[in-house]
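# Report on the structure
Spelled out, the chains give:
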Amino acid sequence: MTDLCSVSSPRRTLSLSRKRRGSISFLEPEDKGSGFGVSGEHGPKPIEVYGFVGSITTVVATVMYFIWAYVPESWLHSCGIFYYPSRYWALAVPTYFTVVVVLVLAFYIGVNFMAGPPPPPTSSTVMFDEYSREPQRWRSPDKDDDQPIEPISDLSISDMNDLMFGDT
């Protein structure tokens, strides 16, 4: 059992005296439920740990790859390393990966071309779809009152032309 008057951390409750049992907290009462310092959970969040372990693992794997790819075999044998993959794979794996990325991009572009020609620019399907909203022309009669924010809507092409090019 711990003594209520002891202080183990600046974030913990500090007792004013042993007789009164009054206490002062460094955090506001609404901050105590936030999980910062006062709650029972201490230490880093799991996502932070996963990110740290992932970054360290990536650095170690990259260093090991470069050692395996560039250090002569005689040096590896002198260090006691006799079993490792062929040096062919040091060049083949990045090349295969690059070729796969290029082929996936080419396949993606080809599928988009096979989807058919796009509609002409004059078609109404280019400007309007099932999610389009016409702007509401509602205005408050009194200009002195606070006006609410208008709901989100699409601008028509004629309004855009007037905004961009004026009445020419």
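Description of the structure in this document. (Residues numbered from 1 in each chain as written. Predicted model: local features only at pLDDT ≥ 70, side-chain atom pairs only at ≥ 80, totals over all residues. Heavy atoms only, no water.)

Further remarks concern the overall build of the protein. Within the protein, the secondary structure is distributed over five helices and two strands. In the protein, the order of α-helices and β-strands from amino to carboxyl end is β-β-α-α-α-α-α. When each of the 168 residues of the protein is scored for burial, the buried share is 8%. When the accessible surface of the protein is split by element, carbon and sulfur atoms take 65% of a total near 15,300 Å². (Helix = DSSP H or I, 4+ residues; strand = E, 2+ residues; numbered from the N terminus. Buried < 20%, exposed > 50% of the residue type's maximum accessible area, 1.4 Å probe, protein only. Areas by Shrake-Rupley, 256 points an atom, 1.4 Å probe, with all protein chains shown as cover.)

Our next topic: the nonpolar core. Judged by nonpolar contacts, W68, V71, L76, Y84 and A90 together constitute the single largest core of five residues. Ignoring sequence-local partners within four residues, the contact set of A90 consists of Y65, W68 and A69. (Core = buried A, V, L, I, M, F, W, Y, C linked by side-chain atoms within 4.5 Å. Contact = heavy atoms within 4.5 Å.)

This part is about the packing of helix α1 (residues 46-70) against helix α3 (residues 88-114). Helix packing for two helices is described by the angle between their axes and how far apart those axes are. As a packed pair, α1 and α3 sit with axes 8 Å apart at the nearest point and diverge in direction by 125 degrees. One way to sum up the angle between α1 and α3 is to call them oblique. Contact residues: α1 offers Y65, W68 and A69, while α3 offers W89, A90 and P94. Classifying every residue of the contact of α1 with α3 gives six nonpolar, no polar and no charged. (Axes fitted to C-alpha atoms, helices over the stretch in contact; angles between N-to-C directions. Parallel < 35°, antiparallel > 145°, perpendicular 65-115°, else oblique. Nonpolar A, V, L, I, M, F, W, Y, C, P; charged D, E, K, R; others polar.)

To continue, consider a nonpolar patch on the surface. On the surface, a cluster of nonpolar side chains totalling about 840 Å² of accessible area is made up of I47, V49, Y50, F52, V53, I56, V60 and M64. Locating I47 in the fold gives a position in helix α1. (Patch = residues over 30% accessible without salt bridge, like charges linked within 9 Å, V, L, I, M, F, W, Y side chains within 5 Å. Salt bridge = Lys/Arg side-chain N within 4 Å of Asp/Glu carboxyl O.)

Right, let's talk about the packing of aromatic side chains for a bit. This structure, assessed with the given rule, holds four aromatic pairs. Taking 4.9 Å as the distance between ring centres and 75 degrees as the angle between the ring planes, the aromatic pair formed by Y88 and W89 counts as edge-to-face. Judged by its relative accessible area of 40%, W89 falls in the partly exposed class. (Phe/Tyr/Trp six-rings, centres within 6.5 Å; stacked < 30°, edge-to-face > 60°.)

A surface patch of like charges, here negative, comprises D129, E130, E134 and D154. Inspection of the secondary structure assignment puts D129 in the loop between α4 (124-127) and α5 (157-165). A residue is classified by how much of its surface remains accessible, and D129, at 44% relative accessible area, is partly exposed. (Lys, Arg positive; Asp, Glu negative; His and termini not counted. Charge placed at Lys NZ, Arg CZ, Asp CG, Glu CD.)

Look at α3: 38 Å from first C-alpha to last across 27 residues, which is about the 39 Å you get at 1.5 Å a residue. Once α3 finishes, G116 follows within two positions and takes phi at roughly 110 degrees, a positive value. (Expected span 1.5 Å × (residues − 1).)

Here P119 lies in the loop between α3 and α4. Classification of P119 as partly exposed rests on a relative accessible area of 43%. Setting aside its immediate chain neighbours within four residues, P119 contacts T125 and V126.

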